[in-house]
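One letter stands for each residue in the lines below.
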Amino acid sequence: MRANRRTDTKPEIALRKELHRLGYRYRKDFPIVLDGLRVRPDIVFTARKVAVFVDGCFWHVCPEHGRQPVSNEWYWTPKLQRNMERDRIATDALHDAGWQVVRVWEHVPLAEAVSAVESAIF
Ligand SMILES: [Zn+2]
């Protein structure tokens, strides 16, 4: 087993690998349909009803790195606003259906992301 972790690994892949290594079993990209709304969390613990999203800082507008783009505002700003709105709707719908939702920003260190997931599934 390699000790060094590639730094260019996508954050959700890194999180899946680490959870798997720790012995957790989950579904990936498992679609959940709620009142006609279809959401596809990155990681799903079906028995515990925990849905995990790893959100990209730019596309999901993280408060630290998700600065609104200054150019092409006519296109990008509404698109980012739609993403934020879609995230909010998905989170609310999952909560209403009794799911726990864990949203992890891609900038969060892996260990912190793992403990956020662990505190939801225990
Ligand atoms: Zn960020």
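Everything quoted here is computed from the prediction, not taken from an experiment.

**Student:** I'd love a proper account of the environment of Gly98, names of residues and values included.
**Tutor:** Looking at the secondary structure, you find Gly98 in the loop between α2 (73-96) and β6 (100-105). For Gly98, a relative accessible area of 48% puts it in the partly exposed group. The spacing of Gly98 and Lys49 is 49 residues in sequence and 7.3 Å in space, taken between C-alpha atoms.

**Student:** Account for the coordination of the zinc ion, naming residues and giving values.
**Tutor:** The protein atoms that coordinate the zinc ion are Cys57 (SG), Cys62 (SG), His65 (ND1) and His107 (ND1), at distances spanning 2.0 to 2.4 Å. Between the four donor atoms coordinating the zinc ion, the angles at the centre fall across 102 to 119 degrees, so the site counts as tetrahedral. Each donor residue of the zinc ion lies on one chain, and together they are spaced C-x4-C-x2-H-x41-H.

**Student:** Help me get a handle on helix α1 (residues 11-21), residues and values and all.
**Tutor:** Considered for burial, the residues of α1 that qualify are Glu12, Ala14, Leu15, Arg16, Glu18 and Leu19. On the buried face of α1, the contacting elements are β1 (27-28), β4 (43-45), β5 (50-55) and α3 (110-121). The positive-phi residue at the C-terminal boundary of α1 is Gly23, with phi of around 100 degrees.

Thresholds applied
Residue numbers here run from 1 along each chain, matching the order of that chain's written sequence. Local features in this predicted model are restricted to residues of pLDDT 70 or higher, and side-chain atom pairs are both shown and tallied only at a pLDDT of 80 or more, whereas totals for entire chains, interfaces and linings draw on every residue. Side-chain figures throughout are based on the complete set of non-hydrogen atoms in the structure, without hydrogens or water. Starting at the N terminus, helices and strands are each numbered in turn, a helix being any DSSP run of H or I of at least four residues and a strand any DSSP run of E of at least two. Only protein chains enter the area calculation, which uses a 1.4 Å probe; residues under 20% of their type maximum are buried, those over 50% are exposed, and those in between are partly exposed. Keep in mind that water is not among the atoms, so a site may look incomplete; donors are the N, O and S atoms within 2.8 Å of the metal, or 3.2 Å for Na, K and Ca. Every angle between 85 and 135 degrees makes a four-donor site tetrahedral, while opposite donors more than 155 degrees apart, with all other angles between 65 and 115, make a four-donor site square planar and a six-donor site octahedral; other sites are irregular. The contact rule is simple, with two residues in contact once any of their heavy atoms fall within 4.5 Å.

So far we have only geometry, and geometry alone does not tell us how the molecule works.
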